[in-house]
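Each chain, letter by letter, is given below.
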Amino acid sequence: MRLVLASASPARLAVLRAAGVEPLVIVSGVDEDAVADALSDPEPDELVAALAEAKARAVLPRVDRPDAVVVGCDSMLFFDGAVVGKPGTVERARKRWAAMAGGTGVLLTGHAVLRMDGTVAIGTERTTVRFATPSEAELEAYLATGEPLQVAGGFTIDGRGGWFVEGVDGDPSSVIGISLPLTRRLLAEVGVSVVDLWTR
(Lines give C-alpha, C1' and ligand atoms only; values in the text may rest on other atoms or scores of the structure.)
Protein backbone atom coordinates (compact mmCIF):
# COMPACT_ATOMS: atom_id res chain seq x y z
CA MET A 1 0.00 0.00 0.00
CA ARG A 2 1.43 3.41 -0.98
CA LEU A 3 0.14 6.91 -0.29
CA VAL A 4 0.44 9.34 -3.19
CA LEU A 5 0.50 13.01 -2.20
CA ALA A 6 -0.98 15.20 -4.94
CA SER A 7 0.87 18.29 -3.74
CA ALA A 8 4.16 20.14 -4.16
CA SER A 9 3.97 21.40 -0.56
CA PRO A 10 7.16 20.66 1.38
CA ALA A 11 5.21 21.30 4.60
CA ARG A 12 2.64 18.58 3.82
CA LEU A 13 5.43 16.19 2.89
CA ALA A 14 7.25 16.95 6.15
CA VAL A 15 4.09 16.31 8.22
CA LEU A 16 3.55 12.92 6.56
CA ARG A 17 7.19 11.92 6.95
CA ALA A 18 7.19 12.92 10.63
CA ALA A 19 4.06 10.78 11.06
CA GLY A 20 5.75 7.69 9.60
CA VAL A 21 4.56 7.83 5.97
CA GLU A 22 6.91 8.19 3.00
CA PRO A 23 4.56 9.25 0.19
CA LEU A 24 5.13 9.24 -3.52
CA VAL A 25 4.75 12.90 -4.58
CA ILE A 26 3.01 13.71 -7.86
CA VAL A 27 2.14 17.38 -8.37
CA SER A 28 -1.34 17.85 -9.81
CA GLY A 29 -0.78 21.01 -11.85
CA VAL A 30 -4.47 21.87 -11.43
CA ASP A 31 -5.54 25.38 -12.41
CA GLU A 32 -7.08 26.34 -9.07
CA ASP A 33 -8.68 29.51 -10.46
CA ALA A 34 -10.43 27.52 -13.21
CA VAL A 35 -11.78 25.01 -10.67
CA ALA A 36 -13.02 27.82 -8.41
CA ASP A 37 -14.56 29.72 -11.33
CA ALA A 38 -16.52 26.61 -12.38
CA LEU A 39 -18.28 26.51 -9.00
CA SER A 40 -21.48 28.46 -8.47
CA ASP A 41 -21.03 30.63 -5.36
CA PRO A 42 -19.53 27.87 -3.17
CA GLU A 43 -19.35 27.96 0.59
CA PRO A 44 -15.74 28.16 1.83
CA ASP A 45 -15.69 24.49 2.88
CA GLU A 46 -17.08 23.44 -0.50
CA LEU A 47 -14.36 25.39 -2.28
CA VAL A 48 -11.42 23.77 -0.48
CA ALA A 49 -13.03 20.32 -0.81
CA ALA A 50 -13.58 20.81 -4.57
CA LEU A 51 -9.99 21.96 -5.06
CA ALA A 52 -8.63 19.01 -3.07
CA GLU A 53 -10.72 16.59 -5.13
CA ALA A 54 -9.65 18.18 -8.43
CA LYS A 55 -5.99 17.78 -7.45
CA ALA A 56 -6.41 14.12 -6.45
CA ARG A 57 -8.40 13.30 -9.61
CA ALA A 58 -5.77 14.99 -11.81
CA VAL A 59 -3.06 12.77 -10.31
CA LEU A 60 -4.98 9.47 -10.25
CA PRO A 61 -4.42 8.57 -13.97
CA ARG A 62 -0.66 9.09 -13.53
CA VAL A 63 -0.39 6.50 -10.75
CA ASP A 64 0.65 3.02 -11.88
CA ARG A 65 0.27 1.17 -8.58
CA PRO A 66 -3.01 -0.71 -8.06
CA ASP A 67 -2.56 -0.55 -4.27
CA ALA A 68 -2.09 3.23 -4.17
CA VAL A 69 -4.29 5.76 -2.42
CA VAL A 70 -4.12 9.38 -3.62
CA VAL A 71 -4.52 12.30 -1.21
CA GLY A 72 -5.29 15.78 -2.51
CA CYS A 73 -5.32 18.83 -0.22
CA ASP A 74 -6.20 22.49 -0.36
CA SER A 75 -6.06 25.20 2.29
CA MET A 76 -7.43 28.72 2.54
CA LEU A 77 -7.89 31.23 5.31
CA PHE A 78 -11.40 32.48 6.12
CA PHE A 79 -10.88 35.94 7.54
CA ASP A 80 -13.21 38.90 7.95
CA GLY A 81 -15.95 37.25 5.88
CA ALA A 82 -13.75 36.35 2.90
CA VAL A 83 -11.74 33.35 1.77
CA VAL A 84 -8.12 34.16 1.00
CA GLY A 85 -5.46 31.94 -0.52
CA LYS A 86 -1.80 32.63 -1.20
CA PRO A 87 -0.92 36.34 -1.31
CA GLY A 88 1.56 35.92 -4.16
CA THR A 89 3.07 39.40 -3.72
CA VAL A 90 4.71 41.29 -0.87
CA GLU A 91 2.13 44.09 -1.13
CA ARG A 92 -0.82 41.70 -0.76
CA ALA A 93 0.87 39.88 2.11
CA ARG A 94 1.58 43.20 3.87
CA LYS A 95 -2.07 44.30 3.51
CA ARG A 96 -3.29 40.93 4.70
CA TRP A 97 -1.07 41.05 7.78
CA ALA A 98 -2.19 44.61 8.53
CA ALA A 99 -5.74 43.26 8.70
CA MET A 100 -4.97 39.99 10.51
CA ALA A 101 -2.61 41.30 13.21
CA GLY A 102 -4.15 40.79 16.64
CA GLY A 103 -7.21 39.06 15.16
CA THR A 104 -8.42 35.54 14.51
CA GLY A 105 -9.11 33.61 11.34
CA VAL A 106 -10.24 30.13 10.42
CA LEU A 107 -7.89 27.97 8.40
CA LEU A 108 -9.95 25.70 6.14
CA THR A 109 -8.35 22.54 4.83
CA GLY A 110 -10.04 20.26 2.32
CA HIS A 111 -8.88 16.70 1.70
CA ALA A 112 -9.85 14.14 -0.91
CA VAL A 113 -8.76 10.50 -0.69
CA LEU A 114 -9.11 8.37 -3.83
CA ARG A 115 -8.39 4.68 -4.37
CA MET A 116 -7.47 3.31 -7.77
CA ASP A 117 -10.87 1.59 -8.02
CA GLY A 118 -12.63 4.98 -7.84
CA THR A 119 -13.60 4.84 -4.17
CA VAL A 120 -13.49 8.36 -2.76
CA ALA A 121 -13.85 10.13 0.58
CA ILE A 122 -13.85 13.92 0.94
CA GLY A 123 -13.83 16.10 4.03
CA THR A 124 -12.81 19.42 5.50
CA GLU A 125 -11.27 20.64 8.73
CA ARG A 126 -11.60 24.06 10.40
CA THR A 127 -8.97 25.37 12.79
CA THR A 128 -9.07 28.78 14.45
CA VAL A 129 -5.81 30.70 14.31
CA ARG A 130 -5.05 33.56 16.72
CA PHE A 131 -2.58 36.04 15.23
CA ALA A 132 -0.04 38.12 17.13
CA THR A 133 0.76 41.72 16.24
CA PRO A 134 4.25 41.82 14.76
CA SER A 135 6.11 45.12 14.86
CA GLU A 136 6.64 46.89 11.55
CA ALA A 137 10.29 45.77 11.51
CA GLU A 138 9.32 42.16 12.27
CA LEU A 139 6.68 42.13 9.55
CA GLU A 140 9.04 43.61 6.95
CA ALA A 141 11.70 41.05 7.87
CA TYR A 142 9.13 38.25 7.57
CA LEU A 143 7.91 39.50 4.20
CA ALA A 144 11.52 39.73 2.97
CA THR A 145 11.96 35.98 3.56
CA GLY A 146 9.34 35.25 0.88
CA GLU A 147 7.79 32.60 3.13
CA PRO A 148 4.32 34.17 3.45
CA LEU A 149 3.86 34.73 -0.29
CA GLN A 150 3.14 31.14 -1.32
CA VAL A 151 1.15 29.80 1.63
CA ALA A 152 -2.57 29.97 2.40
CA GLY A 153 -3.39 33.10 4.35
CA GLY A 154 0.17 34.42 4.13
CA PHE A 155 1.49 32.68 7.25
CA THR A 156 2.91 29.42 8.54
CA ILE A 157 3.04 27.90 12.01
CA ASP A 158 5.90 25.53 11.21
CA GLY A 159 8.31 28.18 9.93
CA ARG A 160 9.18 31.80 10.60
CA GLY A 161 5.50 32.73 10.68
CA GLY A 162 5.08 30.67 13.84
CA TRP A 163 6.63 33.56 15.78
CA PHE A 164 3.56 35.64 14.91
CA VAL A 165 0.81 33.15 15.75
CA GLU A 166 -0.42 33.27 19.35
CA GLY A 167 -2.12 29.89 19.12
CA VAL A 168 -4.48 27.58 17.30
CA ASP A 169 -7.75 26.07 18.44
CA GLY A 170 -8.08 22.74 16.69
CA ASP A 171 -5.74 20.54 14.69
CA PRO A 172 -2.27 22.09 14.22
CA SER A 173 -1.38 19.70 11.37
CA SER A 174 -4.36 21.08 9.45
CA VAL A 175 -2.86 24.58 9.63
CA ILE A 176 0.40 23.21 8.22
CA GLY A 177 -1.58 21.83 5.28
CA ILE A 178 -2.59 18.23 5.90
CA SER A 179 -4.78 17.22 8.82
CA LEU A 180 -3.58 13.89 10.16
CA PRO A 181 -6.85 13.17 12.05
CA LEU A 182 -9.01 14.01 9.00
CA THR A 183 -6.75 12.05 6.65
CA ARG A 184 -6.95 9.01 8.96
CA ARG A 185 -10.77 9.20 9.01
CA LEU A 186 -10.98 9.56 5.22
CA LEU A 187 -8.55 6.68 4.67
CA ALA A 188 -10.75 4.52 6.90
CA GLU A 189 -13.80 5.49 4.82
CA VAL A 190 -12.12 4.02 1.72
CA GLY A 191 -10.97 0.91 3.59
CA VAL A 192 -7.35 1.84 4.33
CA SER A 193 -5.77 1.73 7.78
CA VAL A 194 -3.17 4.43 8.30
CA VAL A 195 -0.87 1.90 9.96
CA ASP A 196 -0.63 0.04 6.63
CA LEU A 197 0.95 3.19 5.16
CA TRP A 198 3.62 3.58 7.83
CA THR A 199 7.22 3.09 6.74
CA ARG A 200 8.46 -0.25 7.98
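Just so you know, these numbers come straight off a predicted model, no measurement behind them. (Residues numbered from 1 in each chain as written. Predicted model: local features only at pLDDT ≥ 70, side-chain atom pairs only at ≥ 80, totals over all residues. Heavy atoms only, no water.)

Draft legend 1. How the structure looks around the packing of aromatic side chains. Going through the model one piece at a time under the given rule, you end up with five aromatic pairs. Aromatic pair Tyr142 and Phe164: ring centres 5.6 Å apart, planes at 55°, arrangement tilted. Note that Tyr142 is positioned in helix H5 (residues 136–145) and Phe164 in the loop between H5 and strand E7 (165–169), a separation of 22 residues in sequence. Take Tyr142 and Phe164: they sit in the same class, and that class is buried. Cluster of aromatic residues (ring-pair linked, three or more members): Trp97, Phe131, Tyr142, Phe155 and Phe164. (Phe/Tyr/Trp six-rings, centres within 6.5 Å; stacked < 30°, edge-to-face > 60°. Helix = DSSP H or I, 4+ residues; strand = E, 2+ residues; numbered from the N terminus. Buried < 20%, exposed > 50% of the residue type's maximum accessible area, 1.4 Å probe, protein only.)

Draft legend 2. Spatial organisation of the environment of Glu147. Mapped onto the elements of the fold, Glu147 is located in the loop between H5 and E7. Linking Glu147 and Val35, residues 112 residues apart in sequence, is a C-alpha distance of 25 Å. Once residues lying within four places of it in the same chain are set aside, the contact partners of Glu147 are Tyr142, Thr156, Gly159, Arg160 and Gly161. Of the polar contacts made by the side chain of Glu147, one reaches the side chain of Tyr142; its length is 2.9 Å. Among the polar contacts made by the side chain of Glu147, one reaches the side chain of Thr156 at a distance of 2.8 Å. (Contact = heavy atoms within 4.5 Å. Polar contact = N/O pair within 3.5 Å; in protein donor to acceptor, adjacent residues only side chain to side chain.)

Draft legend 3. View of the pairing of strand E3 (residues 68–79). Within E3, 11 of the 12 residues are buried, which leaves it mostly tucked inside the rest of the structure. With four bridges connecting them, strand E1 (residues 2–5) and E3 associate as parallel partners. Its bridge partner being in E3, Arg2 is matched across the sheet by Ala68. Sheet analysis places E3 next to strand E5 (residues 104–115), joined by 10 bridges and oriented antiparallel. Paired with Cys73 across the two strands is His111, which belongs to E5. (Pairing = 2+ DSSP bridges.)

Draft legend 4. Highlighting the pattern of salt bridges. In this structure the tally under the stated criterion is 10 salt bridges. Close ionic contact of Glu22 with Arg17 constitutes a salt bridge, the shortest N to O distance being 3.0 Å. For the salt bridge of Asp169 with Arg130, the shortest nitrogen-to-oxygen distance reads 3.2 Å. Remark: Arg130 occurs in strand E6 (residues 120–131) and Asp169 occurs in strand E7; sequence separation between them is 39 residues. With relative accessibility at 42%, the residue Asp169 sits in the partly exposed group. Members of the salt-bridge network, linked through shared partners, are Glu32, Lys55 and Asp74. (Salt bridge = Lys/Arg side-chain N within 4 Å of Asp/Glu carboxyl O.)

Draft legend 5. Representation of the packing of helix H4 (residues 90–100) against H5 within the structure. Running from amino to carboxyl end, H4 crosses H5 at an angle of 145°, the nearest separation of the two axes being 10 Å. Every pair of crossing elements has a handedness; the one defined by H4 and H5 is right-handed. Facing H4, whose interface residues are Val90, Ala93, Arg94 and Trp97, H5 presents Leu139, Glu140, Tyr142 and Leu143. Its residues assigned to classes, the contact of H4 with H5 shows six nonpolar, no polar and two charged. (Axes fitted to C-alpha atoms, helices over the stretch in contact; angles between N-to-C directions. Left-handed = near helix turned anticlockwise from the far one by under 90°. Nonpolar A, V, L, I, M, F, W, Y, C, P; charged D, E, K, R; others polar.)

Draft legend 6. Seen up close, the environment of Gly105. When you line up the elements, Gly105 lands in strand E5. The sequence separation of Gly105 and Val83 amounts to 22 residues, and the corresponding C-alpha distance is 9.9 Å. Residues in contact with Gly105, not counting those within four places in the same chain, are Leu77, Phe78, Phe79, Thr127, Thr128, Val129 and Phe131.

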